[in-house]
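So the chains spell out like this:
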Amino acid sequence: SSASEKEVGYLLHGLGRSRFARWVLASRLEDAGFFVNNIGYSSIHKTPEEILLDISEQINETMPKENQAVHFVGHSLGGLMIRAYLTRTYVNNLGRVVLIGTPNKGTPVVDQYQDAWWMKMLGPMTLALSTEKESFPNSMADPYYPVGIIAGISENTNNEDIMPGQDDGLVPLESTKINGMTDFIIIESSHWMLRYDRDVAS
């Protein structure tokens, strides 16, 4: 089938990464018959608003004119950017949204280290990922569309003092959950390896 008949998937990577972080998943989705738009964006030293404007432009320019279903898959920060985009932009043929290891309620790692010099060097987007009530993730509206969550849990994290309970090394399991989610799957994987995981792709 031609590209104009395939269902379209937008892929968004996480903080400090590039499009190349998603190539494994992109190729698996292409093999499954999707036309994949792998969106790259710069996230270090940028504000949430600057990133949102960048990805919105890229998505809007490539949005299919036909009646194909349009799906969104985001890893970590990419998932938050998808949620922010869909809050502002109505997508005609919106299909499914899948968030992978996304800190929907922020991460205690930012709370713990927000005054550290290296955290400040990562810029305003990183600092906006705290668990505070007015943080970027916590200020977003609940989804009005079907959203499935894939969360990781890793046994090899020595971070009980910062994150008691189950987590993927960066995001607590509870933080990946979202009001109105239509599906929730847990995979044994660290936050960073989720994007390469075969089970995640499946």
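Keep in mind that what you see is a predicted model, and the values were worked out from it rather than measured.

Student: Before we go on, may I ask you to explain the nonpolar core in this structure?
Tutor: In globular proteins that are soluble, nonpolar side chains generally tend to be buried together. Core analysis: the largest hydrophobic core is formed by 34 residues, its most contacted members being Y10, I55, F72, M81 and Y85. Contributions of two or more residues to this core are made by β1 (8–12), α2 (48–62), β3 (70–75), α3 (77–88), β4 (94–100) and β5 (147–153). A per-element tally of this core places α3 first, with seven residues. In this structure, F72 is in contact with Y10, I59, M63, I82, Y85, L86, V91, L94, R96, V97 and V98, ignoring residues within four places of it in sequence. Counting residues in each nonpolar core, the second largest holds 11 residues, with L11, L25, A26 and I150 among its members.

Student: I'm lost on the packing of aromatic side chains in this one. Help?
Tutor: Aromatic ring pairs are reported here in terms of the distance separating the ring centres and the angle at which the planes meet. Enumeration over the complete set of coordinates arrives at four aromatic pairs. Considering the side-chain rings of Y10 and F72, the 5.3 Å spacing of their centres and the 15° angle between planes classify their relative orientation as stacked. Here Y10, found in strand β1, pairs with F72, found in strand β3; they are 62 residues apart in sequence, far enough to count as distant. Assessed through its relative accessible area of 0%, F72 is described here as buried. With 5.9 Å between their ring centres and 45° between their planes, F72 and Y85 make a pair best called tilted. Here F72 is found in strand β3, whereas its partner Y85 is found in helix α3, with 13 residues between them in sequence. As far as burial versus exposure is concerned, F72 and Y85 are alike and both buried.

Student: Could you clarify how one ought to interpret the sheet that holds strand β6 (residues 183–188) in this entry?
Tutor: By definition, the strands of a sheet pair up through backbone hydrogen bonds, in either a parallel or an antiparallel sense. Pairing within the open sheet is parallel, and its six strands lie in the order β2-β1-β3-β4-β5-β6. Because the sheet does not close on itself, it has two edges, and the strands there are β2 (35–39) and β6. Direction aside, neighbouring strands of the sheet carry axes that sit 15° apart on average. Across the sheet, helix α1 (residues 23–31) touches β1, β2, β3 and β4, and the angle it forms with β2 is around 165°. Of the strands in this sheet, β1, β2 and β3 touch α2, which is tilted by about 155° from β2.

Student: Honestly, α1 in this entry has me stumped. Any pointers?
Tutor: Each full turn of the α-helix corresponds to 3.6 residues, which orients residues three or four apart in the same direction. Taken together, the buried positions of α1 are V24, L25, A26 and L29. Looking at the buried residues of α1, the elements they touch are β1, β2, β3, β4 and α8 (198–201). Phi turns positive one or two residues past the end of α1, at G33, with a value near 105°.

Student: Is there a simple way to explain the pairing of β5 in this structure?
Tutor: Each regular strand shows side chains that alternate between the opposite faces of the sheet. When you tally the buried positions in β5, you get seven out of seven residues, the bulk of the element. Side-chain alternation along β5 places V147, I149, A151 and I153 on one buried face and G148, I150 and G152 on a second face that is also buried. Strand direction decides the pairing type here: β4 and β5, joined by four bridges, are parallel. Residue L99 lies in a different strand from β5, and its bridge partner there is I149. Sheet topology places β5 next to β6; six bridges connect them, and they run parallel. Within the sheet, the bridge partner assigned to G152 lies in β6 and is I187.

Student: How do you make sense of α2 when you look at a structure like this?
Tutor: A rise of 1.5 Å per residue sets the reference length of α2, with its 15 residues, at 21 Å; its end C-alpha atoms lie 21 Å apart and thus fit the reference within 8%. Burial in α2 covers these residues: P48, I51, L52, I55, S56 and I59. All buried residues of α2 lie within an arc of 130° about the axis, which places them on one face of the element. Set apart from the buried face of α2 by more than 90 degrees, the exposed residues are E57 and E61.

Student: Whenever I open this one, the environment of I186 confuses me. Can you help?
Tutor: Tracing the backbone shows I186 in strand β6. Separated by 74 residues in the primary sequence, I186 and Q112 have C-alpha atoms spaced 25 Å apart. Each residue touching I186, except ones within four places of it in the same chain, is listed here: A151, I153 and L173.

What counts, and at which threshold
Residues numbered from 1 in each chain as written. Predicted model: local features only at pLDDT ≥ 70, side-chain atom pairs only at ≥ 80, totals over all residues. Heavy atoms only, no water. Core = buried A, V, L, I, M, F, W, Y, C linked by side-chain atoms within 4.5 Å. Buried < 20%, exposed > 50% of the residue type's maximum accessible area, 1.4 Å probe, protein only. Helix = DSSP H or I, 4+ residues; strand = E, 2+ residues; numbered from the N terminus. Contact = heavy atoms within 4.5 Å. Phe/Tyr/Trp six-rings, centres within 6.5 Å; stacked < 30°, edge-to-face > 60°. Pairing = 2+ DSSP bridges. Axes fitted to C-alpha atoms, helices over the stretch in contact; angles between N-to-C directions. Expected span 1.5 Å × (residues − 1). Arc of directions from axis to C-beta.

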